[in-house]
Structures are given as C-alpha cells and as structure tokens.
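Close look at the chain arrangement
This is what each chain is made of:
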Amino acid sequence: MTRAVLYDSTRCIGCKACEEGCSKRWGLPYNDAIAKEEQLSEHKLTAVRTIGDRYARKLCMHCNDPACASVCPVAALQKTAAGPVVYHEERCMGCRYCMTACPHQVPVYTWNARFPVVRKCDLCSDRAATNGPTRCTEACPVEATVTGDRDALLAEAQKRIKEKPGDYYPKVYGVQEGGGTSVLILAGVPFGDLGYRADLPNGPLPGLTWEVLQHIPDIAMSGGVLLGGIYWLTSRREAVAAAEGGPSRGKKVR
C-alpha cells in the first residue's frame, strides 16, 4: 500500500481547518494573522489559497521520484516505501539544494533559528504504519481532503470525474506530472489556473535537475558543499556543547 492524499478543490470551502490541523501536528503557532497568509513558510507547511471564487491547497506533493532527495548530498530527504517524502534533520547540513530543486517550491528554511533546519509536510508519516489519516484529512469538515491507498484514491478521483463531468476538469493532477506524486488533485478548471505547475514533464525530474545543476561552475558547487559541511559541523558542535553544558564556539577553553 502506498499512502497518498486526494485533494478535491471543488469541495474545498476555504475554512482552513487543514492548516490548523497541520500546525498542531508540528507544534507550530496558528492564529488569525497566520491564517490570512497564503504561502508556505517556516510556520505554515500547508496553505489554502483563494483564487477568485475557488480555493486551492499548496503542500508537499511527495513525488514518486523526488528531485529534492536526488540533490541532497547527505540523504537528509528520503522517499519512503509507504509514500511520504521525509526529512532527517540530524543529517541536514543546510546546503538548501532541495529548495532549489523542488519544482513545486515546497521546502522552507527556518532562517531565524539558531540551528536552522528545513521544514516540509511529511504526509503525517508518523501515522503511516497504522494507515491513520493525515491531520489535514482529520480536520477537514467536508472531505475535500482524504487519505488512503494511492491506487484506490486514483480510482475514486476518476469515478468522481465520470459521474459529474460538468464539475471537473477531465484530469487527475499528480498521476504523471514529474513522474507522479503521492498527492492527487481534482479541480473544476485547468490546474494552471489554480497555481499548480502545468508545464512539468511526465517523467521523473531528478535527471533534468542534474542537467541544470551541472552547468553551475564546479567551484561553486564544491564550495557550497564545503561551506555547508563546515556549517553543519560547527552547528553540531554547538548543539552538543549546549546539551552537555560545555563551551561552544566563540568561547575559549582554558
């Protein structure tokens, strides 16, 4: 079973309960001011956008062959067999290649934190073993978001289109885009009208990503990795020192 989410934008009422449910899962703040924000940030890992009289959700698409994971030099991002693309904070060295590679512009960075990390939706991977619903699914009062097996959700999406062809754009987003994703989307208008990438190839993206990255001068690439490695090592040294009550960077040891 491959865990997935189906988001039906024709059913979404813009209540943003999914946002609040996601924030609670991550222990992030959520208030009226944050609710008004319609973009992803370090304190908002899914966002409901208002587009005319329609709504659209932005969240990690959990690509079947994720470009973010393919460019990470320390395997901090990983596509699991269960479906979610998860992030291993302890491995991350802060290079942020994942942010550049993601075609959906999903990963965010905690720039103001003492020890910055990447943040992104993980499809509530902590519930994957028990097949439990994601928090956004659990919070949605109109079943605009549902969790389940990807094949079953794809069949359900196709059934909805067949039963009410006048309500839907005749395609399920995420079946082939970028090699396919674990987030499937239904809409009443072309997906590009709702802000989703409509220009992605049907094949996996990692190969194309490296074709672009290889044109970056080697010294810039190697320098970035070197600086990222230095940053990772010094950050971890400070974290260990703080945990043990010892001296951190900038303090002399006598």
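Residues numbered from 1 in each chain as written. Predicted model: local features only at pLDDT ≥ 70, side-chain atom pairs only at ≥ 80, totals over all residues. Heavy atoms only, no water.

1. Describing the overall build of the protein chain
Looking only at helices and strands, the protein chain has eight helices and nine strands in total. In the protein chain, of all internal contacts separated by at least 6 residues, the share reaching a separation of at least 24 is 60%. Of the accessible surface of the protein chain, which amounts to about 13100 Å², a share of 54% is contributed by carbon and sulfur atoms. (Helix = DSSP H or I, 4+ residues; strand = E, 2+ residues; numbered from the N terminus. Contact = heavy atoms within 4.5 Å. Areas by Shrake-Rupley, 256 points an atom, 1.4 Å probe, with all protein chains shown as cover.)

2. Structural notes on helix α1 (residues 17–26)
The set of residues buried in α1 consists of Cys 18, Glu 19, Gly 21, Cys 22 and Ser 23. Looking at the buried residues of α1, the elements they touch are α2 (32–36), β2 (47–51), β3 (54–58) and α5 (135–139). Positioned one or two residues after α1, Gly 27 has a phi angle of 70°, which is positive. (Buried < 20%, exposed > 50% of the residue type's maximum accessible area, 1.4 Å probe, protein only.)

3. Observations concerning the environment of Pro 165
Here Pro 165 shows up in the loop between α6 (150–163) and β9 (183–186). Judged by its relative accessible area of 56%, Pro 165 falls in the exposed class. Considered as a pair, Pro 165 and Gly 188 are 23 residues apart in the sequence and their alpha carbons are 9.4 Å apart.

4. Re unusual backbone geometry
Even without being a glycine, Arg 96 presents a positive backbone phi close to 65°. Inspection of the secondary structure puts Arg 96 in the loop between β5 (85–87) and α4 (97–101). With phi around 60°, Asn 131 is a residue other than glycine that occupies positive phi space. Residue Asn 131 is classed as partly exposed on the basis of its relative accessible area, which comes to 49%.

5. A short note on the side chain of His 62
Of note, His 62 is situated in the loop between β3 and α3 (67–71). In this structure His 62 comes out as buried when scored by relative accessible area, which is 1%. Polar contacts involving the side chain of His 62 include one to the main-chain carbonyl oxygen of Cys 121, which spans 3.5 Å. (Polar contact = N/O pair within 3.5 Å; in protein donor to acceptor, adjacent residues only side chain to side chain.)

6. Observations regarding the confidence of the model for the protein chain
The predicted coordinates of low-pLDDT regions are not to be read in fine detail. Overall, the predicted model of the protein chain reaches an average pLDDT of 86, with 81% of residues at or above 70. Every residue in residues 215–224 is under pLDDT 50, and counting partners more than four places away or in other chains gives six contacts. (pLDDT = per-residue confidence, 0-100.)

7. A few points about α6
Helix length check: α6, at 14 residues, gives a terminal C-alpha distance of 20 Å against a target of 20 Å (1.5 Å per residue), a fit within 8%. Inspection of α6 places Arg 150, Leu 153, Leu 154, Ala 157, Arg 160 and Ile 161 among the buried residues, and these make up the whole buried set. All buried residues of α6 lie within an arc of 120° about the axis, which places them on one face of the element. Facing away from the buried side of α6 by more than 90 degrees, the exposed set consists of Asp 151, Lys 162 and Glu 163. As for α6, its buried residues are in contact with β1 (3–8), β8 (145–149) and β9. Sitting at the amino-terminal end of α6 is Asp 149, which places a side-chain oxygen 3.2 Å from the backbone nitrogen of Asp 151. (Expected span 1.5 Å × (residues − 1). Arc of directions from axis to C-beta.)

8. Side note on the sheet that holds β9
Ordered in space as β8-β1-β9, the three strands form an open sheet in which the pairing is mixed. Only two strands of the sheet have a single partner each, and these edge strands are β8 and β9. Mean inter-strand twist for the sheet, computed between neighbouring axes without regard to direction, equals 25°. Examined bridge by bridge, β1 and β9 share four bridges and lie parallel to one another. Looking across to β9, one finds that Val 5 is bridged to Val 183. (Pairing = 2+ DSSP bridges. Axes fitted to C-alpha atoms, helices over the stretch in contact; angles between N-to-C directions.)

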